[in-house]
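Results of the structural survey
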Amino acid sequence: MAASVREKQAAALKRMLNFNTSPLKNTAAEPVWKVLIYDRFGQDIISPLLAVKELRDMGITLHLLLHSDRDPIPDVPAIYFVMPTEENIDRICQDLRNQLYESYYLNFISAISRSKLEDIASAALSANAVTQVTKVFDQYLNFITLEDDMFILCNQNKELISYHAINKPDIMDTEMEAIMDTIVDSLFCFFVTLGAVPIIRCPRGNAAEMVAVKLDKKLRENLRDARNSLFTGDNMGAGQFSFQRPLFVLADRNLDLATPLHHTWTYQALIHDVLDFHLNRVSMDESVGSEASPSGARPKKKNKKSYDLTAADKFWQKHKGSPFPEVAESVQEELDTYRAQEDEVKRLKSIMGLEGEDEGPISSISMSDNTAKLTSAVSSLPELLEKKRLIDLHTNVATAVLDHIKSRKLDVYFEYEEKLMSKSTLEKSLLDIISDPDAGTPEDKMRLFLIFYITALQPPSETDLDQYKKALLETGCDLSSLNYIKQWKAFTKIAATPSNYGNSGVKPMGLFSRVMNSGSQFVMEGVKHLVLKQHNLPVTRILDNLMEMKSNPETDDYRYFDPKMLRGSESSTPRNKNPFQEAIVFVVGGGNYIEYQNLVDYTKAKPGKRVLYGCSELFNAGQFIKQVGGPPALAVRPKWQPITHLVLYYPMWPWSKVVH
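First, a word on scope: everything that follows refers to the structure included in this document. Nothing here was measured: the structure is a model prediction, and the numbers come from that model.

Digging into the overall build of the protein
Per the secondary structure count, the protein includes 22 helices and 17 strands. The contacts of the protein with a sequence gap of at least 6 include a subset with a gap of at least 24, amounting to 78%. Looking at the protein as shown, the accessible area adds up to about 31000 Å², and 53% of this sits on carbon and sulfur atoms.

What follows is the structure, given as structure tokens:
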């Protein structure tokens, strides 16, 4: 099976850490001990892919931030993995002057410019360290892989390419160009690492089109330079998509504003929604000691506990897309299995007389038989201990999620929003839920109301709207996000039909009244047992139309780019008439785990198809609502206009023509 993008990026990092030579397999040789120096960008790229133990196995004795105070280690080589920024280049030059290391292997996350390379050369000359700068490489790894089939562009400075940054009303054309260039640079790195030149499809008249135009141009220029092309030779041979070129679908966040606000019901998306979860690490508060503090004493401090949810965690890989009640049941089953195995080891120890008990029974039992059993049990102890660690991890995380579900009635919100999005019959009025003091936080109520407003075929009358506003304000809601959503709704009604959320919805299985067993960790009483119905969200539906070459008014006007064509094409008619087997969906303006999981479910139903999901940043509903609410307030303008002779791309303004 072809390597996933996670494996490709991890392999590139391992090659870099081996001084840019491929690591030899099955070698017992001692690794060369070295120091890794990275900036925050490099740290974010490495941390989801390589554990500290893996770094140590590759000879990394120390890993330090570039801008930290570092002592000289004169007899050790240093591998640098940094962005080629002015600040970083200055610090590298300072390290050369201070003779910190024996030799320097400089690896830049993105391509370094000629002028900055000359700055390093000048510093190396003046410090008499030219021979110590052993290698300089452009790694083209400027993106973060979170799953085998999911990537984001950045975690540091993500506000610079956020939905808010792209949609703010006072943005200058130079700022917009800079945002688009940043996104295109990362996407170019992604395709270099993947070793594939895609067929690009995008809608007209928004930020996604500008990204497509710029990416097509950058890929085309690189392919034209045959001697220095990054898409020939070894790179292409080992590509994930070596037999058929992938489809690259660019979507704009403004296509669908309801999904990012939606309360969810699957494990991974719930963790991202209610806990502090980023770069595959979840952080939670943990109280120190359960006893009450003496009167007058300070309350006990809360420790921050972090857990890594990695590809090596089989339970996580199996259940991250499952509905939460199923996850709670599975954790309990794993715990029961572990306890049975633990009891078996204790029983064998007791029989063997290893716990100080009477040795009488030994004579009547086959000694060799029990010795073999105990040896087997002891040899499985490391596996058992790792299983215990993972069970504890998921017990703690799932308990924290369950606390949020119960205290905020998230099952009620999820079910109600699914009915709104599928235009099903509502059993309870929206005003009742908003006015219920026990149902959720002000943010939960605001999210629910915004989804109601977005998905309504007709916006509520001014009288009804005032009534809703009054109820929302009384519960402490911030209405700043509503102003923008109202403008967006009015504009999308003019520009196109609102997004159709398909036959979504849930199948209620009654209350989760039974406790799984008397010793269960999870008391699920009062929580609804909801079963998800398979449906396609707008992003998935667009992908399906383009991947299967279906004719649909929603996608018929999408532009078509083939960077391998000698001349750029203005056509929206694809030259390739065969359905695609592999595709990458990328959302400009930010994405979420709900869309990712929907694409995963779509792919499972299509044997032989592979789909990757990417986004400029990953946000949960709370972060998105803050971006939509400002400050400064976002605004939708009715018509696109260039400010200068350059083209200014506003993501929601229809353009008559794209200027190259």
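Picking up where we left off.
A few points about the pairing of strand E1 (residues 34-38)
Taking burial as the measure, the 5 residues of E1 include 5 buried ones, the bulk of the element. The two faces of E1 match: Lys34, Leu36 and Tyr38 on one face and Val35 and Ile37 on the other face are all buried. Of the pairings in the sheet, the one linking E1 to strand E2 (residues 60-65) comprises 5 bridges and is parallel in character. By the bridge assignment for E2, Val35 is matched with Leu62. Alignment of E1 against strand E3 (residues 73-82), held across 4 bridges, turns out to be parallel. Counterpart to Leu36 in the pairing with E3 is Ile79.

Thoughts on the pattern of salt bridges
Under the definition given, this model contains 33 salt bridges. We note a salt bridge from Lys214 to Glu177, for which the minimum N-O separation is 2.8 Å. Here Lys214, found in helix H8 (residues 207-224), pairs with Glu177, found in helix H7 (residues 173-194); they are 37 residues apart in sequence, far enough to count as distant. With a closest N to O distance of 2.8 Å, Arg389 and Glu386 form a salt bridge. Separated by 3 residues within a single helix, Arg389 and Glu386 lie in helix H14 (residues 381-408), roughly one turn from each other. By relative accessible area, Arg389 is classed as partly exposed at 44%. Judged by relative accessible area, Glu386 falls into the partly exposed class, the value being 36%. Within this structure, Asp544, Glu548, Lys550, Lys606 and Lys609 form a network of salt bridges that share partners.

A word on the packing of aromatic side chains
Tallied over the full model, the rule gives 27 aromatic pairs. Measuring from centroid to centroid gives 6.4 Å for Tyr80 and Tyr101, while their planes differ by 75°, and the two rings are edge-to-face. Of this pair, Tyr80 sits in strand E3 while Tyr101 sits in strand E4 (residues 101-108), and the two are 21 residues apart along the sequence. For the residue pair Tyr80 and Tyr101, the accessibility class agrees, reading buried in each case. Stacked on the ring of Phe188, the Lys or Arg Lys218 has its end atom at 5.2 Å from the ring centre.

A few points about the sheet that holds strand E15 (residues 559-561)
Here we have 7 strands laid out as an open sheet, ordered E6-E7-E17-E16-E9-E8-E15, and mixed in their pairing. Two strands in the sheet have a free side with no partner beyond their single neighbour: strand E6 (144-147) and E15. Each adjacent strand pair in this sheet contributes to an overall mean axis angle of 20°, direction not counted. As paired elements, strand E9 (residues 247-252) and strand E16 (residues 582-588) share 6 bridges and run parallel to each other. When the sheet's bridge partners are listed, Val249 is paired in E16 with Val585.

Calculation notes
Residues numbered from 1 in each chain as written. Predicted model: local features only at pLDDT ≥ 70, side-chain atom pairs only at ≥ 80, totals over all residues. Heavy atoms only, no water. Helix = DSSP H or I, 4+ residues; strand = E, 2+ residues; numbered from the N terminus. Contact = heavy atoms within 4.5 Å. Areas by Shrake-Rupley, 256 points an atom, 1.4 Å probe, with all protein chains shown as cover. Buried < 20%, exposed > 50% of the residue type's maximum accessible area, 1.4 Å probe, protein only. Pairing = 2+ DSSP bridges. Salt bridge = Lys/Arg side-chain N within 4 Å of Asp/Glu carboxyl O. Phe/Tyr/Trp six-rings, centres within 6.5 Å; stacked < 30°, edge-to-face > 60°. Lys NZ or Arg CZ within 6 Å of the ring centre and 35° of its normal. Axes fitted to C-alpha atoms, helices over the stretch in contact; angles between N-to-C directions.

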